[in-house]
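Chain by chain, the residues run as shown.
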Number of protein chains: 2
Amino acid sequence: MAEPDSKRIKTEDAPYELIYWHGLPGRGEFIRLLFVEAGVPFKDTSDKGHGASIGQVLELVSPDLGPSVQGKNPPVCAVPALRHGDVLLSQTPNILQYLAPRLGLAPKEGVAVYHLNQIVLTLIDGFVTELHDTHHPISVAAYYEDQKPEAKKRAKFFIEERLPKFLGYAQRVLDAETSGDGPWLYGDSLTYADLVLFQSIDGTQFAFPKTIQKLKESGKYDGVFKLYDTIKERPAIKEYLASDKRQKYGDGIWRHYPELEEEEEKKE
Amino acid sequence: MAEPDSKRIKTEDAPYELIYWHGLPGRGEFIRLLFVEAGVPFKDTSDKGHGASIGQVLELVSPDLGPSVQGKNPPVCAVPALRHGDVLLSQTPNILQYLAPRLGLAPKEGVAVYHLNQIVLTLIDGFVTELHDTHHPISVAAYYEDQKPEAKKRAKFFIEERLPKFLGYAQRVLDAETSGDGPWLYGDSLTYADLVLFQSIDGTQFAFPKTIQKLKESGKYDGVFKLYDTIKERPAIKEYLASDKRQKYGDGIWRHYPELEEEEEKKE
């Protein structure tokens, strides 16, 4: 673990490894999509199956075990984590910010670094953190079944107010001067923010299909859904989504509980 | 608005301006503390009083008004925002990441940039985002009084499981090899992460004083509370905290509702 600092320069040539749970796209998916789009190979602990990937995640995040595998890096509170040579990083937007310029999906410096980070943090706030709390508004340690009435209330607020707010935000980003030519959120070419938007919409569509359909039909967010479609048709992404490498949605962040988007009074 | 790109180089000499609500420390406080510690003057919209600061915030975040004031920057979804010459940024961890190296509170490059961002994102997840939801577990658009039973449940979970988890995380950061000499979270000198920790603990202590007292007495997080005390005694911070520049806690993120930390069955 106590390697000389001079070794760190070799990190840039080292292979990338994603450490994440097996069996769900989750926050790890944002990171996978960068590698897929860039055509850069990476190791994925979730490929090892349920048992081995759990072992590797727990080894990292357990207070007792973490120090033995973290090397010269601060402890990891939660996955996804990225290992790149002797560098170990956690926090999804942080990993993305580290990776994107290395994979050609963001500028290496300048104000664009912060503009892109701002867009990504806002998308993740809305489509990941807030969406997650629609099925776990009280406690992540308790089952959904034990917080259903609260989940129903929070989902109603999310569907009616938060989701339109964040979709409206994404559309405004597309309408701004900083979104140049083409369908992209920022500048004139694809960046990692576009991949984050794709996964955000894809997951939200799985969780709340009727709601997304309705919002799509409103015509207010055409740029957002057009960008979603554009990313879905990128050759490498398309091939990946059709493969068994793409993990199926299940009981992660994006869950489909039909009762959470049903109207309280059914009118037929 | 359409200024030539060459003007952007002058941004580094421009004054800083924080755009935030008047009358509460809130997320804006993380940014204020960087300026205070660095001894760098900044404009603060909240100094203009309630009405003017609301006007300036709404001008920025309103879908209809935003584009007229955002210049060559992506739209702002929520404050705090920072204006620095023709650069406009939002998202607290993003603003901090931009400011810290400019104010001498973080390295300008290298893996430390991502390590510090990781620590700050984790602290804000726990002590801001999750803490906020203890009094607003259902909807930020509704009053606390309309979500009290849910708030009580979420607060119980926060107090018993999440708060010890995040304090334990901060202590592990201090115990790691990456925390060098001195009381600091990262390296051998004060960084912006230490200021974020200070405000996180200070706010949490206001909201849940009995809980923090109990956790402090457990002796498990001595490094964390020692760092908190160290920051509180920094000359510039100490002077600021005693001044009327330091906004009082109220109905922002960190609120004190005694009922949220009372035991359900009182045993005397």
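Counting starts from 1 at the beginning of each chain's written sequence and moves along it residue by residue. Chains and ligands are labelled sequentially in the order written, the chains with letters from A and the ligands with numbers from 1. With the structure being a predicted model, the display of local features is reserved for residues of pLDDT at least 70 and the display and counting of side-chain atom pairs for 80 or more, all residues being used for whole-chain, interface and lining totals. Only hydrogens and water are removed before side-chain values are computed, so all heavy atoms of the structure are retained for them.

**Some remarks on the UniProt feature "domain: GST C-terminal" (unreviewed entry) in chain A**
UniProt positions are given in the numbering used here, feature names are shortened, and annotations may be inferred rather than shown by experiment. According to UniProt, the feature "domain: GST C-terminal" (unreviewed entry) maps to residues 106-251 of chain A in the numbering used here. In residues 106-251 of chain A, the share of helix is 66% and the share of strand is 0%. The end C-alpha atoms are 32 Å apart. To qualify as a helix, a DSSP run of H or I must reach at least 4 residues; to qualify as a strand, a run of E must reach at least 2; elements of each kind are numbered from the N terminus.

**Brief notes about the UniProt feature "domain: GST N-terminal" (unreviewed entry) in chain A**
Under the present numbering, the feature "domain: GST N-terminal" (unreviewed entry) in UniProt falls on residues 15-107 of chain A. Secondary structure across residues 15-107 of chain A divides into 42% helix and 16% strand, with the first and last C-alpha atoms of the span separated by 21 Å.

**A few points about the pattern of salt bridges**
By definition here, a salt bridge exists when the distance from a side-chain nitrogen of Lys or Arg to a carboxyl oxygen of Asp or Glu is within 4 Å. Evaluation of the coordinates by the stated rule reveals 28 salt bridges over all chains. In this structure, E150(B) and K153(A) form a salt bridge, with 2.5 Å as the shortest nitrogen-oxygen distance. One end of the pair, E150(B), is in helix α6 (residues 148-175); the other, K153(A), is in helix α6 (residues 148-175), on a second chain. Classification of K153(A) by relative accessible area gives partly exposed; the value is 42%. The partner of E29(B) in a salt bridge is R246(B), and the shortest N-O contact between them spans 2.8 Å. Taken together, the positions of E29(B) in helix α1 (residues 28-38) and R246(B) in the segment after α10 (235-242) put the pair 217 residues apart, joining distant regions of the chain. Assigned by exposure class, E29(B) and R246(B) land together as buried. Among the charged side chains, a salt-bridge network with shared partners connects E29(A), R32(A), D44(A), D202(A) and R246(A). Relative accessible area decides the class of each residue, using a 1.4 Å probe on protein chains only: under 20% of the type maximum gives buried, over 50% gives exposed, and in between gives partly exposed.

**A word on the environment of K148(B)**
Residue placement: K148(B) occurs in helix α6. With eleven residues separating them along the chain, K148(B) and P137(B) place their C-alpha atoms 9.0 Å apart.

**With respect to the domain arrangement of chain A**
Residue and element names in this part refer to chain A. What marks off one domain from the next here is an automatic or database domain assignment. Taken domain by domain, chain A comprises domain 1 (5-102) and domain 2 (111-234). In this structure, domain 1 and domain 2 have C-alpha centres spaced 24 Å apart. What makes two residues a contact is simply this: any of their non-hydrogen atoms within 4.5 Å. Tallying the contact residues gives twelve residues for domain 1 and 15 residues for domain 2. As a working definition, buried area equals the accessible area (1.4 Å probe) given up by two parts on being put together, with both sides summed. Overall, the association of domain 1 and domain 2 removes approximately 1,200 Å² of surface from exposure, summing both partners, and the carbon and sulfur fraction of that is 76%. On the domain 1 side of the interface with domain 2, the three residues burying the most area are F30, E37 and Q97, jointly 44% of the side's total. The tally of links from domain 1 across to domain 2 stands at one salt bridge. Residue E37 pairs with R234 through a salt bridge whose shortest N-O separation is 2.7 Å. Counting of polar contacts relies on pairs of N or O atoms within 3.5 Å, with two restrictions inside protein: one atom must be capable of donating a hydrogen and the other of accepting it, and residues adjacent in sequence are counted only when both atoms are side-chain atoms. Across the contact surface, domain 1 and domain 2 share one residue pair in polar contact (both at pLDDT 80 or more). Within the residue set of the side of domain 1 that touches domain 2, elements represented by two or more residues are α1 (28-38) and α4 (92-102). Taken together, the residues of the side of domain 1 that touches domain 2 break down into seven nonpolar, two polar and three charged. Under the scheme applied here, ten amino acids are nonpolar (Ala, Val, Leu, Ile, Met, Phe, Trp, Tyr, Cys and Pro), four are charged (Asp, Glu, Lys and Arg), and all others, including Gly, are polar.

**Regarding the relation of the copies chain B and chain A**
To line up the copies, we fit them by least squares on C-alpha atoms, keeping just the residues with pLDDT of at least 70 in both. Least-squares fitting of chain B to chain A yields an RMSD of 0.0 Å, with the transformation described by 0.0 Å of translation along the axis and a rotation of 180 degrees. Given the turn and translation reported, the copies of this chain are related as if by a two-fold rotation axis. Among all residues of chain B, the minimum C-alpha distance to the rotation axis is found for P137(B), at 3.0 Å. Most of the interface of chain B is mirrored in chain A: 100% of its interface residues are interface residues there too.

**Notes on the side chain of T45(B)**
All names here are of chain B. Tracing the backbone shows T45 in the loop between β2 (42-44) and α2 (50-61). The exposure class assigned to T45 is buried, which follows from its relative accessible area of 0%. Contact partners of T45, with chain neighbours within four places excluded, come to E17, L18, I19, Y20, S53 and Q56.

**Description of the sheet that holds strand β3 (residues 81-84) of chain A**
All names here are of chain A. Only strands joined by at least two bridges in the DSSP assignment are considered to pair. Spatially, β2-β1-β3-β4 is the arrangement adopted by the four strands of the open sheet, whose pairing is mixed. Here the strands that pair on one side only, and so sit at the sheet edges, are β2 (42-44) and β4 (87-90). Adjacent strand axes in the sheet meet at a mean angle of 20 degrees when their direction is disregarded. In this structure, β3 lies alongside β4, joined through four bridges in antiparallel fashion. Paired with L82 across the bridge in β4 is L89. A fitted line through C-alpha atoms serves as each axis, taken over the contacting stretch for helices, and the angle formed by two N-to-C directions is quoted from 0 to 180°. Against the sheet, α4 contacts β1 (16-19), β3 and β4, and its axis sits at roughly 130 degrees relative to β4.

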